[in-house]
Amino acid sequence: MESGRYKIFLGMAAGVGKTYRMLQEGHAEAGAGRDVAIGYLEPHKRAETSAQARGLEMVGRRRVAIREVEVEEMDLPGLIRRNPELALIDELAHTNPPGLEHEKRYEDIADVLAAGIDVFSTVNVQHLESLNDQIAELTGVRVRETVPDSVLGSADEVVLIDLTPEALIERLRAGKIYPGENIQAALDNFFKIENLAALREVSLRQVAEDVESKRLVYSEVEQVGTRREEDKVAADAPKAVGERLLALVRPQPSSQRLVRRAWRSAQRLGTGLDLLWVKPPGQPIEGELERQVTALRRLASVLGATFLIEEHDDLVAGTARVVRERGSTYLMVGESNPPKGFARLREPLPQRLMRATPPGVDVRIVAHRGLKEEGR
Amino acid sequence: MIEHFLVGLALLLGVGLGFLLARRRRGSGETEVVHQILLPFTGSEISRRAIDAALRLARAEGATLIPAYLAQVPKSLPLDCAVPKEADRAMAMLEAIEQRASSQGVPVDARIERGRSYRHALARLLEHENFDRVVVSATATGTAGFSGDDLVWLLEKAPAEVLILRPGPADHRVLSVNGKGPAVLEL
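Every value quoted in this text rests on a predicted model; they were computed, and no experiment measured them. (Residues numbered from 1 in each chain as written. Chains lettered and ligands numbered in written order. Predicted model: local features only at pLDDT ≥ 70, side-chain atom pairs only at ≥ 80, totals over all residues.)

## Overview of the overall build of chain B
Scanning chain B for helices and strands turns up five helices and eight strands. Mapped in sequence order, the helices and strands of chain B form the string α-β-β-α-β-α-β-α-β-α-β-β-β. Expressed as a percentage of its 187 residues, the buried residues of chain B come to 38%. For chain B, the proportion of contacts with a sequence separation of at least 24, taken over those separated by at least 6, is 77%. (Helix = DSSP H or I, 4+ residues; strand = E, 2+ residues; numbered from the N terminus. Buried ≥ 20, exposed ≤ 12 C-beta atoms within 10 Å, placed from the backbone. Contact = placed C-beta atoms within 7 Å.)

This is the structure in structure tokens:
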């Protein structure tokens, strides 16, 4: 069965009109003769949103008990049984209560798409995993419900619902986003012009990167043609464009210099930084190793970098896989110790990495201070 | 014949037992005691005397120096958020300390720790890791740093030997960061 098409309405903050626009487009599709149903809608008591939902069929919700409280959740099996051509599912970053099919709604959506149903959904930019820390620092507010960036990357279409910060605040003051008693608190906290301006910039950049990423994938697809090859090329192509730096680390103190260099470079390039440790399969993380892994993880958190552990028995193959997955454009490695014995006959690591990674990925070697000093 | 067999068996048992004992000892960490000297610092400068004292100790004891930059996270932000501005400052300082340690052959394993205050950051660091000694300078170097109360708290609470350096005539010699780039030694 062919998977459904996935369209995401992305916004910089609550109240920009993502759900409203999703419903509008749902009406347009229904008007064109398609079978459209609302899988889940969160109108947040907004009159305009509720009015826009009128006329569209809503699949019943199911009641789920959390401790002694009952909440209403999307009825995933019910929606798949109903089998509309297009399902509108609000708030893809939502966390489901325990006991349902999946922990997160975006995982429910994957099931709906797999059933061949097209999906329209909504999300705010601060829910994207890679931007969570950056936005927390910009706005002082951290969103706990995050979704992997790959969710956005997997969408066939991403529509940015853009609004100027001034217009959004105007909507807030007019009571179109929150009820009267919450407006002042919102204005005092999250809904500040500077916060919204920063979020808007992040959203615009995110969508620009997404568009560029899809353009790259598409141009490759055009050359190849068939659907099967299309999938293969899409999987091989970088998921994101713009620079992205990957530093190959080991959980040992000497990696810190490499991390510092990599972070400085990432700062200069204005790009994200991933730290990767390719761990031999089955190696237990305990004792001193555990301490070093924890230290690296904490350092990554301080820097806003992502620490990845890839279990693989081949350093080069493991690294190449992550480079492809993360869309890395720079790879930074530490200087190796001089090879001994038969290892001298082996091709040096940077060359092997260059061959294994996609064309265009630069490999940079960071000198090890100890080695330099020994060599003097 | 049986004697040869018994001797062989005894040898095998002896070798096996010796191997197991050696493994057990390694596992218990008896032979892998890592001495760690913590050198916490704040702000954009650190007394050179404190670095030198910590390096002397580390070299004498074959210990690893753990320079730790303590970063303050405002209450408006989550404690575990990224702090790139603080990290930028910390990186330059840590790079300079590592250079100095490297020239003296002392291994370094740096840290950046976050807290609501310097004391809170230090408490978190002491909670997460074990250190044999903590070296802090009582000198008033610049505006940032540990207060007298912080030092008293450290003496009372730190599960390690604490070395507080008295103010000295060389305290104007600091490692400091002026904007971007590596830290410099100011004389």
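## Thoughts on the pairing of strand E1 (residues 6-11) of chain A
Residues and elements named next belong to chain A. For E1, the tally of buried residues reaches five of six residues, placing the bulk of the element in the interior. Relative to strand E7 (residues 118-124), E1 is paired through six bridges, and the arrangement is parallel. Bridged to Phe9 within E7 is Thr122. For E1 and strand E8 (residues 157-161), the ladder comprises five bridges, and the chain directions are parallel. Across the sheet, the residue bridging to Lys7 is Glu157, located in E8. (Pairing = 2+ DSSP bridges.)

## Describing the interface of chain B and chain A
Contacts between chain B and chain A engage 22 residues on the former and 22 residues on the latter. Within the residue set of the side of chain B that touches chain A, elements represented by two or more residues are helix H3 (84-103) and strand E4 (111-115) of chain B. If one sorts the elements of the side of chain B that touches chain A by residue count, H3(B) sits on top with six residues. The class makeup of the residues in the side of chain B that touches chain A is 13 nonpolar, two polar and seven charged. (Nonpolar A, V, L, I, M, F, W, Y, C, P; charged D, E, K, R; others polar.)

## A word on the packing of helix H13 (residues 315-326) of chain A against helix H14 (residues 349-356) of chain A
All names here are of chain A. Where H13 meets H14, the axes come as close as 9 Å, and the angle between the chain directions of the two elements is 45°. When the interaxial angle is binned, H13 and H14 end up oblique. When you trace H13 past H14, the crossing you get is right-handed. Residue-level inspection shows Val316, Ala317, Thr319 and Ala320 of H13 in contact with H14, the latter providing Arg352, Leu353 and Ala356. Of the residues assigned to the contact of H13 with H14, the class counts are five nonpolar, one polar and one charged. (Axes fitted to C-alpha atoms, helices over the stretch in contact; angles between N-to-C directions. Parallel < 35°, antiparallel > 145°, perpendicular 65-115°, else oblique. Left-handed = near helix turned anticlockwise from the far one by under 90°.)

## Things to note about the sheet that holds strand E3 (residues 64-72) of chain B
Residues and elements named next belong to chain B. The five strands lie next to each other as E4-E3-E1-E5-E6, forming an open sheet whose pairing is parallel. Lying at the two open borders of the sheet, with one neighbouring strand each, are E4 and strand E6 (161-165). Averaged over neighbouring strand pairs, the angle between their axes works out to 25° when direction is ignored. Relative to E4, E3 is paired through five bridges, and the arrangement is parallel. Across the sheet, residue Gln72 finds its bridge partner in E4, namely Gly115. Helix H4 (residues 118-128) contacts strand E1 (36-41), E3 and E4 of the sheet and is inclined by roughly 125° relative to E4.

## Concerning the sheet that holds E7(A)
All names here are of chain A. The parallel open sheet is built from six strands, whose spatial order is E3-E2-E6-E7-E1-E8. Two strands bound the open sheet, and with one partner strand each, they are strand E3 (57-58) and E8. Packed onto the sheet, helix H1 (residues 18-31) meets E1, strand E2 (36-40), strand E6 (86-89), E7 and E8 and runs at close to 165° relative to E7. Most of the contacts of helix H4 (residues 105-114) go to E7, to which it runs at about 160°, and overall it touches E1, E2, E6 and E7.

## Some remarks on the pairing of strand E11 (residues 306-311) of chain A
Relative to E11(A), strand E10 (residues 272-279) of chain A runs parallel, the two sharing six bridges. Opposite A:Trp277, over in E11(A), you have A:Ile309 as the bridge partner.

## Describing unusual backbone geometry
In terms of backbone geometry, most residues other than glycine have negative phi values and most peptide bonds are trans. Residues and elements named next belong to chain A. Backbone geometry at Asn83 places phi at a positive 50°, although glycine is not the residue there. Looking at the secondary structure, you find Asn83 in the loop between helix H3 (76-82) and E6. Within the chain, Glu91 stands out as a residue other than glycine whose phi angle is a positive 55°. Of note, Glu91 is situated in the loop between E6 and H4.

## Points about the nonpolar core
Ranked by size, the top nonpolar core spans 77 residues in total, and within it A:Ala247, A:Leu275, B:Ile37, B:Leu39, B:Ala54 and B:Leu65 carry the most contacts. Beyond its immediate chain neighbours, meaning those up to four positions away, B:Ile37 contacts B:Ala54, B:Leu57, B:Ala58, B:Ala63, B:Leu65, B:Ile66, B:Phe131, B:Asp132, B:Arg133 and B:Val135. Ranked by size, the runner-up nonpolar core spans 47 residues in total, among them A:Leu76, A:Leu131, A:Leu160 and A:Leu168. (Core = buried A, V, L, I, M, F, W, Y, C linked by C-beta atoms within 7 Å.)

## Side note on the environment of A:Met22
All names here are of chain A. Turning to its location among the elements, Met22 is positioned in helix H1. Overall, the presence of 26 C-beta atoms within 10 Å leaves Met22 in the buried class. Once the C-alpha coordinates of Met22 and Thr122 are considered, the two residues, 100 residues apart in sequence, prove to be 7.6 Å apart. Contacts of Met22, omitting those with residues within four sequence positions, involve Phe9, Leu88, Phe120 and Thr122.

## As for H4(A)
Residue and element names in this part refer to chain A. The complete set of buried residues in H4 reads Arg105, Tyr106, Asp108, Ile109, Val112 and Leu113. Relative to the axis of H4, the buried residues are bounded by an arc of 150° and lie together on one face. Where H4 is buried, its residues touch E1, E2, H3, E6, E7 and helix H6 (149-154). With its phi angle positive at about 85°, Gly116 sits one or two positions after the end of H4. (Arc of directions from axis to C-beta.)

## Brief notes about the environment of A:Val151
Residues and elements named next belong to chain A. Along the chain, the position of Val151 falls in helix H6. Residue Val151 is classed as buried on the basis of its 23 C-beta neighbours within 10 Å. Measuring from C-alpha to C-alpha, the distance between Val151 and Ala110 comes to 9.4 Å, with 41 residues separating the pair along the chain. If we skip the residues at most four places from it in the chain, Val151 touches Leu92 and Tyr106.

## As for the environment of A:Arg250
Residue and element names in this part refer to chain A. Relative to the assigned elements, Arg250 resides in the loop between strand E9 (244-248) and helix H11 (255-269). A tally of 17 C-beta atoms within 10 Å means that Arg250 is categorised as partly exposed. For the pair Arg250 and Leu296, spaced 46 residues apart in sequence, the C-alpha separation works out to 9.0 Å. Among all residues touching Arg250, those that are not within four sequence positions of it are Ser255 and Trp277.

## Considering the confidence of the model for chain B
Residues and elements named next belong to chain B. Overall, the prediction assigns chain B a mean pLDDT of 77, with 74% of residues at 70 or greater. Within chain B, the element-level pLDDT minimum falls on strand E8 (residues 184-186), averaging 42, and the maximum on E3, averaging 93. Between residues 140-144, whose pLDDT stays under 50, and residues either more than four places distant or in other chains, the model counts 10 contacts. For this predicted complex, the interface confidence reaches an ipTM of 0.70, while the overall pTM sits at 0.51. (pLDDT = per-residue confidence, 0-100.)

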